[in-house]
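# Structure assessment
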Amino acid sequence: MSTGVIDPGLIDELTGIVGAAHVLHDPEMTVGYSIDWTRRFAGATQLVIRPGDTAETAAVMSALAAAQVPVVPQGGNTGLVGGSVPLVGEAVLSMRRLNICEPVDELASQVTLGAGVTLADAHAHAAASGLSVGVDLAARDSATIGGMVATNAGGINVLRYGAMRAQVVGIEAVLADGTVVSHLAGLEKDNTGYDLGSLLAGSEGTLGIITRVRLRLHPTQPERATALLAFETAADAVSAAAALRRGVASLHALEAVFEEAMALVSEHLGTTPPVGSLGSDPHRSLPDRRTGGTSDSAPGEDGGGAWLIAEAAARTDPSDELGAAVEELADLVVDAAVALDPAARQRLWAFRENVTEAISAAGIPHKLDVTLPAARLAEFVDGVPDVVRATDPDAQPLLFGHLGDGNVHVNVLGPGGAEPADEVDDAVLRYVAELGGSISAEHGIGTAKLSQMHLNRSEAELAAFSAIKRALDPAGLLNPNALLPPVA
Ligand code: FAD
Ligand code: MLT
Ligand code: ZN
C-alpha cells in the first residue's frame, strides 16, 4: 500500500479518466476535503479525484488498485466520526458529481439516485411525485445518498420508517479492484443470495464505493402537528415518549433536548423555549398541571429538565390525535406548546435542529452517539453527566437526540470549547455497554470509535467482519482507518 509521493504517471492516467478539472493536487484545493465537519479529525491528501459516473469511478478504482493507493470515499463530508477524511495521506474519491436523480418509478414507489445526490434534492425529487424519502436529518443540504447508505444514517423519522438500510431496495457499487456490481431492479421479494445493499449499508466506505442506490419511497404525509413538551425529569420524558409511541399512530418524529443542550441552543438562537424553564433563568415559572399552581421544581433546576418535540404527520390533520395524546400525559408534562402552521412548527423545531450547530459554534466536541434499551434510557441520561465529570471534571456534557428510538447524543465539550480528555469517550462508551446499549446508534464507527468496537462486538464477530473485508478488499485499500483495524 502506498501513501508516499504520488507517481506523476498515475496522475496522468487519472486525468485521462475524469479530466484535469477533477484531479486535484494543489493543497489549497484539497484542504477542504481533508478536514471533517467537526474539525476534530483532519489529515492531508495529495490527491482528490472527482469521477462523474459509475464507469469513471470503476476506471479510477482500477488505476488506484494497480498503484496500491489507499482511498477514502467522500460524499458531503458531514460524517461525525472521522471516517470521511484522509488521515494518513489516502487519496480522496469525492462522489458528489454522481448527482443524477432518475425518474421516480411511481408504479413501484421507488427511485434510483446517484450516490452524490443530496438528501434535500432527493426529497424534492420524490415530493414532485407525491412521495417522500423515509430518512431526514439536519445535514440534508449536504449529506449525500451514498454517504447516508454507507453510514446507515438514522435521523428523525427512524421510528416510522427505519434507518437508511431499510430504504435500500437496490444498489450499484464499485469494488476495490474496479469491478462493478449492480443490482438495481428493486424487486420487493428477491431471495437470490446475499444482499449487497444490506452489506454495504453501514460499511463506511470499507467494502465498496456506492455509485447508485434504489430507494423505496413512502406516501407524503403533508398534514403536520408539532408539540414541544417540557418535563421535570428525564424519567418523565422517557415515560411520555413511550406513551406517545404507543398512542399516536401518526407519530413521525420524537426528539429530545436535555437541560444543558437546551440552554446552549437557546443562547445560540437568542431566545428561550416557549415552554419549560431554563435553570439559569430565575424569572420564569411554570404552571404545574398536577397542582394547578406553579411548579417548585422547573425543568433544569435540579439539572434534570427535559424537552420533547413530538411531531405527528398524516394525510389528514393529525392535530386532534396528537393533542388528545398530550392531554393524556398531564401527570408527566409540565407544559406544552402545539404548533400547526409551518412557521410556528419551525420555531419549535429550531430548539432541536440547531443543537449541533450551537455546540459546534461553542467548540470542538467529542460526539458520542449511542442507543440504550428503553428500560435503561432514563438511568443513562441521569447517570452519564457524572460519568463524564468523574473522568474530566471540567468537561461539559450536552445531551439531546432521537428519544423515540432510544438514541441519545452525548456531546462533550472541554473548558473554553477545547476538546475534553480522550478518556471521556472510553468511560461513556463502557457505561453504555454495561447498560446493554450500542456505542454507535447512527453515525458509525469511523476512526473515532475504532478502539471501542470490542465493547459491542465479540472476537468471533470481529473476525467475521475482517474476513468479509479481506474477501472484498484484500489489499486493504478502501478507507483503511475506518470501522476495522487496518488490514495487516
Ligand atoms: P460523508 O461524511 O462524506 O462520509 C461518511 C462515511 O461514508 C465515510 O466513511 C465515507 O468514506 C463513506 N462514504 C461516503 N460516500 C460514500 C460512497 N458513495 N460509497 C461508499 N462510502 C461512502 N447522521 C445521522 O445518522 N442522523 C442525524 O440526525 C444526523 N444529523 C446530522 C446533523 C448535522 C448538522 C451534521 C453535520 C451531521 C449529521 N449527521 C447525522 C451525520 C451525517 O450527516 C451522516 O452520517 C451522513 O450519512 C453522512 O453523509 P455524507 O454524504 O456527508 O457522507
Ligand atoms: C443530530 O441528531 O442532530 C445529529 O445526529 C448530529 C449530532 O449528533 O450532532
Ligand atoms: Zn442524530
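Our subject in this report is the structure included herewith. Keep in mind the model is a prediction, meaning the values are calculated, not measured. Every residue gets a number counted from 1 within its own chain, in the order that chain's sequence is written. A letter from A marks each chain and a number from 1 marks each ligand, given out in the order of writing. Totals for whole chains, interfaces and linings use every residue, but because this is a predicted model, local features are given only for residues with pLDDT of at least 70 and side-chain atom pairs only at 80 or more, for both listing and counting. Here the side-chain values reflect all heavy atoms present in the structure, with hydrogen atoms and water set aside.

### A short note on the nonpolar core
The condition that has to hold: Among the buried residues, those of types Ala, Val, Leu, Ile, Met, Phe, Trp, Tyr and Cys that are joined through side-chain atoms within 4.5 Å form a nonpolar core. The cut-offs for exposure are 20% and 50% of the maximum accessible area for each residue type, with area from a 1.4 Å probe on protein chains only; residues under the lower value are buried, those over the upper are exposed, and the others partly exposed. Note on conventions: DSSP H or I runs of at least 4 residues are helices, E runs of at least 2 residues are strands, and numbering of each starts at the N terminus. Contacts are assigned to residue pairs that have any heavy atoms within 4.5 Å of one another.
Counting 54 residues, the largest nonpolar core has Leu-229, Phe-231, Leu-244, Leu-308, Phe-380, Leu-403 and Val-428 as the members making the most contacts within it. Looking at this core element by element, the count peaks at seven residues for helix α13 (residues 377–391). Not counting residues up to four positions away in its chain, the partners in contact with Val-428 are Leu-368, Phe-380, Val-384, Val-387 and Val-388. In this structure, Val-104, Val-117, Val-135 and Ala-173 belong to the second largest nonpolar core, which totals 29 residues.

### Describing a nonpolar patch on the surface
Counted only if it meets this: Grouping into patches uses exposed residues only, defined as over 30% relative accessible area, and leaves out salt-bridged ones; the cut-off is 9 Å for like charges and 5 Å for nonpolar side chains (Val, Leu, Ile, Met, Phe, Trp, Tyr). Accessibility throughout is a Shrake-Rupley quantity obtained with a 1.4 Å probe, and a residue counts as covered only by protein chains that appear here. When a carboxyl oxygen of Asp or Glu lies within 4 Å of a side-chain nitrogen of Lys or Arg, that pair is called a salt bridge.
A cluster of nonpolar side chains, namely Tyr-194, Leu-196, Leu-199 and Ile-468, defines an oily patch on the protein surface of about 410 Å² accessible area. Residue position: Ile-468 is located in helix α15 (residues 459–472). Given a relative accessible area of 34%, Ile-468 falls into the partly exposed group.

### As for the packing of α13 against helix α14 (residues 423–434)
Quick note on the threshold: Axis definition: a line fitted to C-alpha atoms, over the contacting stretch in the case of helices. Angles run 0 to 180 degrees between N-to-C directions. An angle counts as roughly parallel when it lies under 35 degrees, as roughly antiparallel when it exceeds 145, as roughly perpendicular when it falls between 65 and 115, and as oblique in every other case. If you view the pair so one helix is near and one far, a crossing is left-handed when the near helix is turned anticlockwise from the far one by less than a right angle, and right-handed when it is turned clockwise. Residues are grouped as follows: nonpolar covers Ala, Val, Leu, Ile, Met, Phe, Trp, Tyr, Cys and Pro; charged covers Asp, Glu, Lys and Arg; every other residue, Gly included, is treated as polar.
Look at α13 against α14: their axes get within 9 Å of each other, and the N-to-C directions meet at 150 degrees. As the angle between them shows, α13 and α14 are arranged roughly antiparallel. Once α13 is placed against α14, the crossing between them reads as right-handed. In this structure, α13 contributes Glu-379, Phe-380, Gly-383, Val-384, Val-387, Val-388 and Thr-391 to the contact, and α14 contributes Glu-423, Val-424, Ala-427, Val-428, Tyr-431 and Val-432. For the contact of α13 with α14, the class distribution of residues is nine nonpolar, two polar and two charged.

### Let's talk about the coordination of the zinc ion (ligand 3)
Test applied: Coordination shells were defined by N, O and S atoms within 2.8 Å of each metal, extended to 3.2 Å for Na, K and Ca; water is absent from the atom set, which can make sites look incomplete.
Note on the zinc ion (ligand 3): its protein donors are His-402 (NE2), His-409 (NE2) and Glu-442 (OE). The metal-donor distances range over 1.9 to 2.1 Å. Positions of the donor residues of the zinc ion (ligand 3) along the chain correspond to the pattern H-x6-H-x32-E. Linking His-409 in strand β16 (residues 407–413) with Glu-442 in the loop between α14 and α15, this pair joins segments that are 33 residues apart in sequence. You can call Glu-442 buried: its relative accessible area is 10%.

### A few points about the site of ligand 1
The following threshold applies: Residues are counted as near a molecule or strand when any one of their heavy atoms sits within 4 Å of it. Points on a 1 Å grid, built from protein atoms alone, make a cavity when a 1.4 Å probe fits but cannot get out and make a pocket when they are open with protein on both sides within 12 Å along at least 5 of 7 lines; residues with an atom within 4 Å of a point are the lining residues. Any molecule with more than half of its atoms within 2 Å of a cavity's or pocket's grid points is counted as sitting in it.
Of all residues adjacent to ligand 1, which total 36 residues, the nearest are Pro-73, Gly-75, Thr-78, Gly-79 and Thr-144. Within the complex, 97% of the 970 Å² of free accessible area of ligand 1 lies under protein. With respect to the pocket detection grid, ligand 1 is positioned in the largest pocket. Mapped by element, the contributors of at least two residues to the shell around ligand 1 are β3 (71–74), α5 (145–151) and β9 (209–219). Considering each element in turn, the shell around ligand 1 owes the most residues, five residues, to α5. By residue class, the composition of the shell around ligand 1 is 14 nonpolar, 20 polar and two charged.

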